Amino acid sequence: MPDISTLKVSTLKVSTCLWFERDAEEAVTRYVALVPDSRIDHVQRAPGPWPAGAAGDVILIAFTLGGQSFQALNGGTRAEYGTAASISVPCADQAEVDRLWAALTEGGAEIACGWLRDRWGVPWQVFPESLPRLLADPDPAVAARVFTAMQGMVKIDVAALERAAAG
């Protein structure tokens, strides 16, 4: 094993890889259309037949989602995502929460407290930027009211959080 203390930090690139059955391209196209500062960086096609497809099929897509590096892999079988990891998206306001929530739950499922699964089973957290600030309010009573209100929500409601904070 190499001594990592001698590696240059700039040589280490970390990227989350999402597993799809065969529809990574459809998923990535949808994701980059929904999230600002997103793009498809590279599409790798199979140079020959492989266990999950034929020559020319998409096998891996490198993409940027909200400024973060991701990959999408067509693995040939459906992956089951748990909830231990998710794509977390802080939104500027309720309109942005509503837009992303509607688009991502189409064919997917609502969970709770701002969590959802998209139609490919990928878990997301969609929440207003104000939520962490309200939860960290220096007044413990305010933070507790906001926390209690949030626990009763599926999609986060900014106005309801602000009402809870105000008491």
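All of these numbers come straight from a predicted model, not from anything done at the bench.

**Things to note about the sheet that holds strand E5 (residues 87-91)**
Then comes step 1: In spatial order, the strands read E5-E8-E7-E6; together these four strands make up an open sheet with mixed pairing. Taken across any chain shown, the strands that pair with only one partner, and hence form the sheet edges, are E5 and strand E6 (109-110).
Then comes step 2: Two strands pair when backbone bridges link them, and E5 and strand E8 (residues 123-128) are joined in this way by five bridges, in the parallel orientation. By the bridge assignment for E8, Ile87 is matched with Trp124.

**Observations regarding the domain arrangement of the protein chain**
Accessible area lost when the parts come together is the quantity often used to give the size of an interface.
Then comes step 1: By the assigned domains, the protein chain splits into domain 1 (11-79) and domain 2 (82-166).
Then comes step 2: Just the C-alpha atoms count here: the centres of domain 1 and domain 2 sit 26 Å apart.
Then comes step 3: Contacts between the two partners involve 13 residues from domain 1 and, on the opposite side, 13 residues from domain 2.
Then comes step 4: Taken together, the two surfaces of domain 1 and domain 2 that pack against each other cover about 1,100 Å², and 63% of this comes from carbon and sulfur.
Then comes step 5: Viewed at the interface, domain 2 and domain 1 are joined by one salt bridge.
Then comes step 6: Among the ionic pairs, Glu106 bridges to Arg30, the shortest N-O distance being 3.8 Å.
Then comes step 7: For the interface between domain 1 and domain 2, the tally reads four residue pairs in polar contact (both at pLDDT 80 or more).
Then comes step 8: Elements supplying a minimum of two residues to the side of domain 1 that touches domain 2: strand E1 (16-20) and helix H1 (24-34).
Then comes step 9: Its residues assigned to classes, the side of domain 1 that touches domain 2 comprises nine nonpolar, no polar and four charged.

**Topic: the nonpolar core**
Across soluble globular proteins, nonpolar side chains show a tendency to be buried alongside one another.
Then comes step 1: Grouped together as the largest cluster of nonpolar side chains are 28 residues, with contacts concentrated most on Phe20, Tyr31, Phe63, Leu65, Ile87, Trp124 and Val126.
Then comes step 2: Secondary-structure elements contributing two or more residues to this core are E1, H1, strand E3 (58-65), strand E4 (68-74), E5, helix H2 (94-105) and E8.
Then comes step 3: Per-element tally for this core: the top contributor is H1, with six residues.
Then comes step 4: Counting contributing residues per domain, this core is built from domain 1 (11-79) and domain 2 (82-166), each supplying no fewer than three.
Then comes step 5: Ignoring any residue separated from it by four or fewer positions in sequence, one finds Trp124 in contact with Tyr31, Val35, Leu65, Ser86, Ile87, Val89, Leu104, Gly114, Trp115, Leu116 and Asp118.
Then comes step 6: Membership of the second largest hydrophobic core comes to eleven residues, among which are Leu131, Val142, Met153 and Leu161.

So, how was this worked out
- Residues numbered from 1 in each chain as written.
- Predicted model: local features only at pLDDT ≥ 70, side-chain atom pairs only at ≥ 80, totals over all residues.
- Heavy atoms only, no water.
- Pairing = 2+ DSSP bridges.
- Helix = DSSP H or I, 4+ residues; strand = E, 2+ residues; numbered from the N terminus.
- Domains from an automatic or database assignment.
- Contact = heavy atoms within 4.5 Å.
- Buried area = accessible area lost by both parts, 1.4 Å probe.
- Salt bridge = Lys/Arg side-chain N within 4 Å of Asp/Glu carboxyl O.
- Polar contact = N/O pair within 3.5 Å; in protein donor to acceptor, adjacent residues only side chain to side chain.
- Nonpolar A, V, L, I, M, F, W, Y, C, P; charged D, E, K, R; others polar.
- Core = buried A, V, L, I, M, F, W, Y, C linked by side-chain atoms within 4.5 Å.
- Buried < 20%, exposed > 50% of the residue type's maximum accessible area, 1.4 Å probe, protein only.

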